[in-house]
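# Working through the structure, step by step
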Amino acid sequence: MTVAEEAEKFGLHRVGARPSLASYLKQTWERREFIYELAKARVQKQNQQNRLGMIWVVLKPTMNAIMYGVIFGVLQGDSKGPDFPVFVVIGVFLFEFFTSSMNGGAKSITGNQALVQSLSFPRLTLPVAQVTQNLLTLMPMVIVMFIYAMILGTTPKWSWFVIIPLLMIFSVFNMGIALICARITVHIRDFTQILPLITRMLFYTSGVLFSVDRILNHWPWLVQIFDFHPLYQTLQIARAMIMNDATYDPFAWIVVSVWALLALGFGLIYFWKAEELYGRAN
């Protein structure tokens with residue numbers, strides 16, 4: 001019997017060894033208060049660095065709403081429809097939640113090397129805290145989004161509350177993407193240099209600024225591809241729930257839910273497999 005086998009017999013484990021997936025998830029769940037407090041502290045610290053503090057949480061999305069509404073709505077005229085400014089704002093706000101989760105997740109391990117190398121804890125808590133931080137930041141932005149929609153003539157309705165389960169599903173999807181990006185960045189540090197390009201490509205290919213049916217109506221096969229596009233379908237549901245005359249296919253709920261589960265499942269296993277690597281100096 002080897003020394004390792006003898007140690008295992010008495011419940012001794014190698015320092016930094018990767019636990020089983022079930023144990024890993026349990027350890028992470030036990031630190032849920034730490035995750036929330038870390039996310040909240042980061043939001044507060046980020047706002048304290050600005051002179052206006054928490055006001056920027058509301059002011060920044062408001063300025064974005066005015067900018068995108070004017071540039072892509074008013075200047076393009078009525079050919080896009082009177083609800084086009086609201087169409088764009090919904091797309092931009094929710095897409096920013098996705099990109100901040102992807103970019104923040106990519107840096108969640110490499111940007112906290114001192115913490116990772118000095119303390120023993122499930123590294124999963126760091127990308128989870130990052131997505132939680134982005135979700136906390138999104139909440140006031142959603143309120144501003146509703147206010148902006150009403151200013152532009154959108155009638156409040158009960159379907160607005162559907163944004164809550166939609167954001168929960170979207171958060172699950174973003175969590176999976178953040179976990180995947182977190183591990184990739186550990187192996188390939190230059191990945192953060194490529195992310196802005198990926199973000200920009202997704203911005204212009206996810207229906208944030210245009211209606212797929214309107215722009216791609218000459219290519220039906222391409223429109224059908226968008227039926228399975230998770231970002232596009234998320235925006236379609238949100239717009240249908242908020243705007244006056246927007247519609248969507250209920251099949252979109254299945255699309256976004258399946259994508260969320262696949263992204264989280266793959267991202268979780270992919271991230272967990274490299275748990276032993278995160279505390280090592282590179």
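Located above this text is the structure these notes cover.
Quick summary incoming for the structure in this document.

What counts, and where the lines are drawn
Residues numbered from 1 in each chain as written. Predicted model: local features only at pLDDT ≥ 70, side-chain atom pairs only at ≥ 80, totals over all residues. Heavy atoms only, no water. Helix = DSSP H or I, 4+ residues; strand = E, 2+ residues; numbered from the N terminus. Expected span 1.5 Å × (residues − 1). Buried < 20%, exposed > 50% of the residue type's maximum accessible area, 1.4 Å probe, protein only. Arc of directions from axis to C-beta. Contact = heavy atoms within 4.5 Å. 1 Å grid on protein atoms, 1.4 Å probe; cavity = no way out; pocket = protein on both sides within 12 Å on 5 of 7 lines; lining within 4 Å. Points joined across faces, edges and corners; volume = space filled by probe spheres on them. Salt bridge = Lys/Arg side-chain N within 4 Å of Asp/Glu carboxyl O. Axes fitted to C-alpha atoms, helices over the stretch in contact; angles between N-to-C directions. Parallel < 35°, antiparallel > 145°, perpendicular 65-115°, else oblique. Left-handed = near helix turned anticlockwise from the far one by under 90°. Core = buried A, V, L, I, M, F, W, Y, C linked by side-chain atoms within 4.5 Å. Phe/Tyr/Trp six-rings, centres within 6.5 Å; stacked < 30°, edge-to-face > 60°.

Bringing helix α9 (residues 191-205) into the picture now. Between its first and last C-alpha atoms α9 spans 20 Å; for 15 residues at 1.5 Å apiece the expected length is 21 Å, and the two agree. Residues F191, T192, L195, T199 and F203 constitute the buried set of α9. In a view along the axis of α9, the buried residues occupy a sector of 120°, so they form one face of it. Opposite the packed face of α9, turned more than 90 degrees from it, sit the exposed residues Q193, L197 and M201. The elements touched by buried residues of α9 are α5 (84-106) and α8 (163-187).

What follows is about empty space enclosed by the protein. This model, assessed by the stated rule, comprises one cavity of 30 Å³ or more. In this model, the largest cavity occupies a volume close to 40 Å³. Forming the walls of the largest cavity are L166, I169, F170, F173, P230, T234, V256 and W259. For the lining of the largest cavity, the secondary structure elements donating two or more residues are α8, α12 (230-242) and α13 (251-273). No other element matches α8, which puts four residues into the lining of the largest cavity.

Under the defined criterion, the tally for this structure stands at one salt bridge. Here K40 ties to E37 by a salt bridge, and the two come within 3.6 Å at their closest N and O atoms. With K40 and E37 both in helix α3 (residues 32-48), this residue pair falls three residues apart, about one helical turn. Overall, E37 belongs to the partly exposed group, its relative accessible area being 42%.

Relative orientation of the contacting elements α8 and α12 amounts to 165°, with a least axis distance of 10 Å. By the criterion of interaxial angle, the relationship of α8 to α12 is roughly antiparallel. Where α8 crosses over α12, the handedness of that crossing is left-handed. Judged by residue contacts, I163, L166, F170 and F173 of α8 engage P230, L231, T234, I237, A238 and I242 from α12.

Counting 46 residues, the largest nonpolar core has I90, F98, F173 and I242 as the members making the most contacts within it. Among the elements that take part in this core, α5 stands out by supplying 14 residues, more than any other. If sequence neighbours within four positions are ignored, F98 has contacts with F170, F173, N174, I177, L202 and L231. Core analysis: the second largest hydrophobic core is formed by 21 residues, I35, L38, A274 and Y278 among them.

With that out of the way, let us pick up the packing of aromatic side chains. Taken as a whole and judged by the stated rule, the model has twelve aromatic pairs. Here the aromatic rings of F170 and F173 are separated by 6.5 Å at their centres, their planes lie at 5°, and the arrangement is stacked. You can see F170 and its partner F173 sitting in helix α8, three residues apart, about one turn around the helix. Look at F170 and you get buried, because its relative accessible area is 4%.

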